[in-house]
Amino acid sequence: MPDQDSTLGVGELIAKRHREASTPGQRTDGHRLALVIEGGSSRGAFSHGMTTAIEELGLLPTFDTVYGASAGALNAAWLLCGRAVDAERAWNPEVINRVISPRRALRGAKVVDTDYLVHTVYERIVPMDFPAILANPVTFHPIATDADTGAAVDLHAGLTDPLSVQTALRASTCLPILAGRPVRIGAHRYVDAGLSESVPIRTALVQGATRVLVLRTRREDENHRPPSSLESRVVARFLSRHAPGTVQPWLVRTLQNQRDEQDFATDPAVLQIRPPHDAPRIGRLDRDPVRLREALTLGRAVTARTLAAYLAPMLSA
């Protein structure tokens, strides 16, 4: 393996690879660069906008791997199939209002219909190119939570055909109660990645990443709020019955998220791009078209601005 240049930061590495037009398997810098995309349900509008900037700048080939949790896995898939810009249509009201419908809870149906999203929207309304994801040399790593152990699991090894990609996306986005019972893949059952690792930086590093660009859906000043006592009781009861291994991770996830924030805030191997401080607060089930459109626009702008600062010396040379 080529010697690793330890002086290169994340942004500098992206710019260097872009300048050299290097591709996975043909690198000379000795690094493994991962893109990590945070989850957050409707907050994923921010990271979708961020992925469109990466697509428009032509930077996807600079990465070796892409990790996505929950909504972040959906946005990772759009980027990897080359349709992130086109897929912004999936945030239009006629799609979002069908995928997310709190009123369905009154008749015991799923509030978040990921089956419809993955098997109808992504097949016919806003088509996702599943074969292109599988063929991309930049590897896809959707994260989910094992329902029986509570561990964060990388579903990459099971991605063999379009149906397996769709099933992995459903597993990564299977919000407790809101999206129904766990998704079964082989002998295991999975729920939303947010219960174990909503920002899968640790998984990327454990698997060999030396540099990580993180697309965040929370502002820097937006704290992780612990669930209310009522929410804790209701969710814990559901998880105890349907995903027993996730009860403890659910109860301590706010503390874990806080530890992650502290651990990676000043890590030179990790560059995080976040929504700006004046960005609107997006609720988990937010369907407001104005706020979602603003989130898409702000996500694209902040990412383009951040990465352009590293690309500018190359462009002016």
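My aim in this report is to walk through the structure given alongside it, one point at a time. Owing to the predicted nature of the structure, the values given are computational and were not obtained by experimental measurement.

### Digging into the overall build of the protein chain
For the protein chain, the count of helices and strands is 11 helices and eight strands. The C-alpha atoms of the protein chain give a radius of gyration of 19 Å, which matches the 20 Å a tight globule of 317 residues would have. Over its C-alpha atoms, taken along the principal directions, the protein chain stretches across nearly 60 × 40 × 35 Å. Each of the 317 residues in the protein chain was classed as buried or not, and the buried ones make up 56%. When contacts within the protein chain are restricted to residue pairs at least 6 apart in sequence, those whose partners lie at least 24 apart make up 77%. Element-wise, carbon and sulfur atoms account for 53% of the exposed surface of the protein chain, whose accessible area totals about 13600 Å².

### Brief notes about the packing of aromatic side chains
Following the criterion strictly, the structure yields one aromatic pair and no others. Taking 5.0 Å as the distance between ring centres and 80 degrees as the angle between the ring planes, the aromatic pair formed by Trp78 and Tyr122 counts as edge-to-face. Note that Trp78 is positioned in helix α3 (residues 71–80) and Tyr122 in helix α5 (residues 114–125), a separation of 44 residues in sequence. Taking the relative accessible area as the measure of exposure, Tyr122 reaches 4% and is therefore buried. Above the plane of the ring of Tyr116 lies Arg98, whose end atom (NZ or CZ) is 4.0 Å from the centre.

### Describing the pairing of strand β3 (residues 139–146)
If a strand is regular, its side chains alternate between the two faces of the sheet. Where burial is concerned, most of β3 is hidden: seven out of the eight residues are buried. Two elements, strand β2 (residues 65–69) and β3, share five bridges in a ladder whose sense is parallel. Directly across from Thr65, in β3, lies its bridge partner Thr139. Bridging between β3 and strand β4 (residues 152–154) involves three bridges; their strand directions are antiparallel.

### What to know about the side chain of Asp286
By the element assignment, Asp286 lies in the loop between β8 (270–273) and α11 (289–316). Classification of Asp286 as buried rests on a relative accessible area of 10%. Engagement of the side chain of Asp286 in a polar contact is seen with the side chain of Arg291, the distance being 2.9 Å.

The rules behind each value
Residues numbered from 1 in each chain as written. Predicted model: local features only at pLDDT ≥ 70, side-chain atom pairs only at ≥ 80, totals over all residues. Heavy atoms only, no water. Helix = DSSP H or I, 4+ residues; strand = E, 2+ residues; numbered from the N terminus. Rg over C-alpha atoms; globule rule 2.2 N^0.38 Å. Buried < 20%, exposed > 50% of the residue type's maximum accessible area, 1.4 Å probe, protein only. Contact = heavy atoms within 4.5 Å. Areas by Shrake-Rupley, 256 points an atom, 1.4 Å probe, with all protein chains shown as cover. Phe/Tyr/Trp six-rings, centres within 6.5 Å; stacked < 30°, edge-to-face > 60°. Lys NZ or Arg CZ within 6 Å of the ring centre and 35° of its normal. Pairing = 2+ DSSP bridges. Polar contact = N/O pair within 3.5 Å; in protein donor to acceptor, adjacent residues only side chain to side chain.

So, to be careful, I would describe these as geometric facts and stop short of saying anything about function.
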